[in-house]
Amino acid sequence: MRKGRMFYGIFIPILILGVGLVASFGSYIYISTIQSVVGQFSNSKQSYIEQIKNNLEHKIQSIEYAFNTYSTTSSFQDVVTNPITIQDFVAYRNVNSQLNYIASMTAEGTEYSLISLEQNWQIMNERLTSLTEADVEQLREKYIDNQDQSLFWIKTDKGIRFVNTLPVFSSKKQAIALSDISKYTLDNIIKTEKTSLVYILNKSGELLYESAPGTEGLTSGQFQELSRTIASGEENSMVKLDAGGRQPLQLLYAKSSYNNWIYLTMLDQDEIAGTLKMTKYGLYALGLLSILLIWIVAYLIALYFTKPIQQIKRSLSIVPQADSAKNEIEYIMHSIDTILSEKESLESLIEAEMPQLETQLILNLFRARVTPEELEKNLQRFGYAPNGNGRYAAMLIQLDSLGEQGTTNKDVLLLAINKMVEEVIPKQQRMLPIILNDDTQVTILTFPKESEQELNKELLDYATALLKAARNYLKVPISIGISNSYTDLLESKEACEMGKQALHQRLNLGKESIIFYEDISMVVSGPVLLHYPAELESQLFNAIRLGDKEQVDEALYPFLAQLIGKNKSTLNFEVMLVRLVNNLIQLEQHLGIQVLLTQDNNKLYHRVLDIRNPEEIERLLVQEVIYPMTYTMKEKMSKQFRCLSDKITAIVAAEYDCELTLESIGERLHYNPNYLSSIFKKEYGTAFSEYLMNYRLEMAKKWLSETDMTIKEIAERLQYHNPQNFIRSFRKKEQVTPGTYRKLQQGA
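Residues numbered from 1 in each chain as written. Predicted model: local features only at pLDDT ≥ 70, side-chain atom pairs only at ≥ 80, totals over all residues. Heavy atoms only, no water.

J.: Would you take a moment to explain the pairing of strand 7 (residues 198-201) for this structure?
T.: Moving residue by residue along a regular strand, the side chains alternate between the two faces of the sheet. Neither face of strand 7 is exposed, since Val198 and Ile200 on one face and Tyr199 and Leu201 on the opposite face are all buried. In this structure, strand 7 lies alongside strand 11 (residues 262-266), joined through four bridges in antiparallel fashion. Bridge pairing in strand 11 links Tyr199 to Leu264. As judged from the three bridges shared by strand 7 and strand 8 (residues 207-210), these two strands associate in the antiparallel manner. Residue pairing across strands places Leu201 opposite Leu207, the latter belonging to strand 8. (Buried < 20%, exposed > 50% of the residue type's maximum accessible area, 1.4 Å probe, protein only. Helix = DSSP H or I, 4+ residues; strand = E, 2+ residues; numbered from the N terminus. Pairing = 2+ DSSP bridges.)

And the structure:
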């Protein structure tokens, strides 16, 4: 049987609480066990490393003591200061006996050597050998000159070596005593466990011994870091070392107070984990058993407390099967409240749809799609007075421009204006304001049956308030068109058309106009007189062809002033605008450029005719049409001039030693020489003849410096018929004659 949410609301918390307690208790036991095992391992390892330290330290002390004692005897002084040869058997035997005696007192398997630096001999492994001066010098450099101590230990390939330079307390060293403890001997002394890594560092942090060389252990940098850390710590303790993203290494150490050596060993985590393996499995088994028991108890408790609720739920036949997974208490309360809330829901739905229905009524009035019966019914429904009980007027609002707002904000501005109308005009004197289309907001105002003069005054006051509000709050200019008053709402479509005709006249009146249809309807239309300033247009188009913005500005604004100022009629002005746009399109096609709005330019026609503000029309024509055409022509002319100039300079570079004139170049390039001359001077800032002369003189300088050509030969090759003319031109440019210039270059 499927359980409800209330069942799980009781079962799951009990189960989670029980599992949490079991997990917490098990974790506590496991952590305590780990800490205990780690503590035991640490103590064992600490005792082990202490034992290693004591064993090895005892051997080291014996070796150092034996050599120090021997170095103070008189026989030592006699031996190291006298030569020993094969015939000096007694002296050799005495030294060898002393070394054997020292060996018997210290570690087994240790090799001892004695070197006389004064007599150049060495006894090692009971063998006597002579040393050369180079050998002695090498020994001094290795063990005496580069050391700041007389007694020290070093690591060798076979183990560790004790070095004692004798006498100990004298700066003048006579002998060197060496004691080599092999790796095998060290292993026997330390008796390393198979799974344990043991390291021995000297007081400088250098590695003297490692129990398992070649295995992946610690680096020299890590040894130095450990040495610095341990130097400031206790004599015997534990230290952790970062392992580069892995679990930190735990090392136990013992620091010798005798020679500051550091004895290190690692805690083997795998060994600890193996010891804890059975404990972990036992805790897991105990935890699972406890969780199973808690699950059974939680199930029985939840079933006991939810059984009455399930019975009540099953008795509610109105409950849909799909909602059976809800919380039982909430679902029962919801079932009781459903019937009571249905009525309120329906009422709320109707009330929420009222603004949309009212908006649709106003739109239908402006489209003449309402019958008298429907109108009366809806007026009563929306709380308006019956039709014909007063006078009406349609007020239409359009944006003159978007100000600083982008075109994407146009709809937002219209909505803001619609809201502004609701706030400025009292509700009892208007119907619901609506957005008629993409450009227009419209409102039907209602007035009692009063005189036309009083009605117009109120309309003017409302319109003026709306203009100020739009300017101050929205930062945009608007114009308002007002229809004649009428007494039947079914005439609203004709009133809307009146308002549109009124707004159409703002093309002549300018932005922020309040236009009553009554005023423009009384204007008597005279004969159609079209004025188009063709001469100014010709000047403007010539300036565009040249790409000269200054000339464009000189001709543009007088042209627009006459076009707008002398065509007072809206129709006349629109005809002149269409003519201007058509001429601009023809000019663009003739010039071979493409800067207007679309390929067929329909968008430009519509935009110009849709704008009712002269300032916006001027801005569109100047900023989006005329100036872009001017800039494009300027760039095109500049590229053409540069291309011709580059061709001329290329001809000069290739044929400078031939007869060259602009006339011959013009014939070759099919251009008038005078035109080429003006272009070249404009691009390079110098006349063609001067450029050619300078180029030839530069070539003359090169030949004078690099060749043996005579001045006459150079002059003839550069098309100077008289060498004196060449000399005069060269001296005028370089301030020296060609011959002097050649001498100066050869002298340099």
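We are not done yet, so read on.
J.: Quick question: what am I supposed to make of the packing of helix 10 (residues 410-424) against helix 11 (residues 452-474) here?
T.: In helix packing, the relevant descriptors are the interaxial angle and the interaxial distance, both defined with respect to the helix axes. Interhelical geometry of helix 10 versus helix 11 gives an angle of 135° and a closest axis separation of 10 Å. Classified by the angle their axes make, helix 10 and helix 11 are oblique. As for how helix 10 packs across helix 11, the hand of that crossing is right-handed. Taken together, the residues of helix 11 that come into contact with helix 10 (itself represented by Leu413, Ala416, Ile417, Met420, Val421 and Val424) are Tyr462, Ala465, Leu466, Ala469, Ala470 and Leu474. Split by residue class, the contact of helix 10 with helix 11 holds 12 nonpolar, no polar and no charged. (Axes fitted to C-alpha atoms, helices over the stretch in contact; angles between N-to-C directions. Parallel < 35°, antiparallel > 145°, perpendicular 65-115°, else oblique. Left-handed = near helix turned anticlockwise from the far one by under 90°. Contact = heavy atoms within 4.5 Å. Nonpolar A, V, L, I, M, F, W, Y, C, P; charged D, E, K, R; others polar.)

J.: Please explain the environment of Leu540 as it appears in this structure.
T.: Among the structural elements, Leu540 can be located in helix 15 (residues 534-546). Separated by 12 residues in the primary sequence, Leu540 and Val552 have C-alpha atoms spaced 5.6 Å apart. If sequence neighbours within four positions are ignored, Leu540 has contacts with Val552, Ala555, Leu556, Phe559 and Ile626.

J.: What is the right way to look at the packing of aromatic side chains in this model?
T.: Any two aromatic rings considered together are summarised by their centre-to-centre distance and by the angle between their planes. Considering all chains together, one arrives at 10 aromatic pairs under this definition. When the centroid spacing of 5.7 Å and the interplanar angle of 15° are considered together, the rings of Trp295 and Tyr299 count as stacked. One end of the pair is Trp295 and the other is Tyr299, both in helix 7 (residues 269-315) and four residues apart, which spans about a single turn. On the numbers, 5.8 Å between centres and 40° between planes, the contact of Tyr392 with Tyr486 is tilted. In this pair, Tyr392 sits in strand 12 (residues 391-399) while Tyr486 sits in the loop between strand 15 (478-482) and helix 12 (492-504), placing the two residues 94 residues apart along the sequence. Exposure class is identical for Tyr392 and Tyr486. Each is buried. What links up through ring pairs into an aromatic cluster is the set Tyr720, Phe726, Phe730 and Tyr741. (Phe/Tyr/Trp six-rings, centres within 6.5 Å; stacked < 30°, edge-to-face > 60°.)

J.: Got a minute to help me understand a negative patch on the surface in this structure?
T.: A contiguous patch of negative charge, built from Glu133, Glu137, Glu141 and Asp145, is present on the exposed surface. Locating Asp145 in the fold gives a position in helix 4 (residues 133-145). (Patch = residues over 30% accessible without salt bridge, like charges linked within 9 Å, V, L, I, M, F, W, Y side chains within 5 Å. Areas by Shrake-Rupley, 256 points an atom, 1.4 Å probe, with all protein chains shown as cover. Salt bridge = Lys/Arg side-chain N within 4 Å of Asp/Glu carboxyl O. Lys, Arg positive; Asp, Glu negative; His and termini not counted. Charge placed at Lys NZ, Arg CZ, Asp CG, Glu CD.)

J.: Even after reading the chapter, I still don't get the sheet that holds strand 2 (residues 121-124), so can you show me in this structure?
T.: Sheet architecture is open: six strands sit in the order 3-2-1-6-5-4, paired in antiparallel fashion. Two strands in the sheet have a free side with no partner beyond their single neighbour: strand 3 (127-130) and strand 4 (151-155). Adjacent strand axes in the sheet meet at a mean angle of 20°, parallel and antiparallel pairs treated alike. Against the sheet, helix 1 (residues 5-71) makes contact with strand 1 (110-116), strand 4, strand 5 (159-166) and strand 6 (175-182), and its axis sits at roughly 25° relative to strand 5, the strand it touches most. Strand contacts of helix 4: strand 1, strand 4, strand 5 and strand 6, with the helix running at about 95° to strand 5, the strand carrying the most contacts.

J.: Just to check I follow, could you spell out the environment of Pro167 for this structure?
T.: Along the chain, Pro167 falls in the loop between strand 5 and strand 6. In this structure the C-alpha to C-alpha distance between Pro167 and Thr72, which are 95 residues apart in sequence, comes to 7.8 Å. Ignoring anything within four residues of it in the chain, the contact list for Pro167 reads Gln77, Lys172, Lys173 and Gln174.

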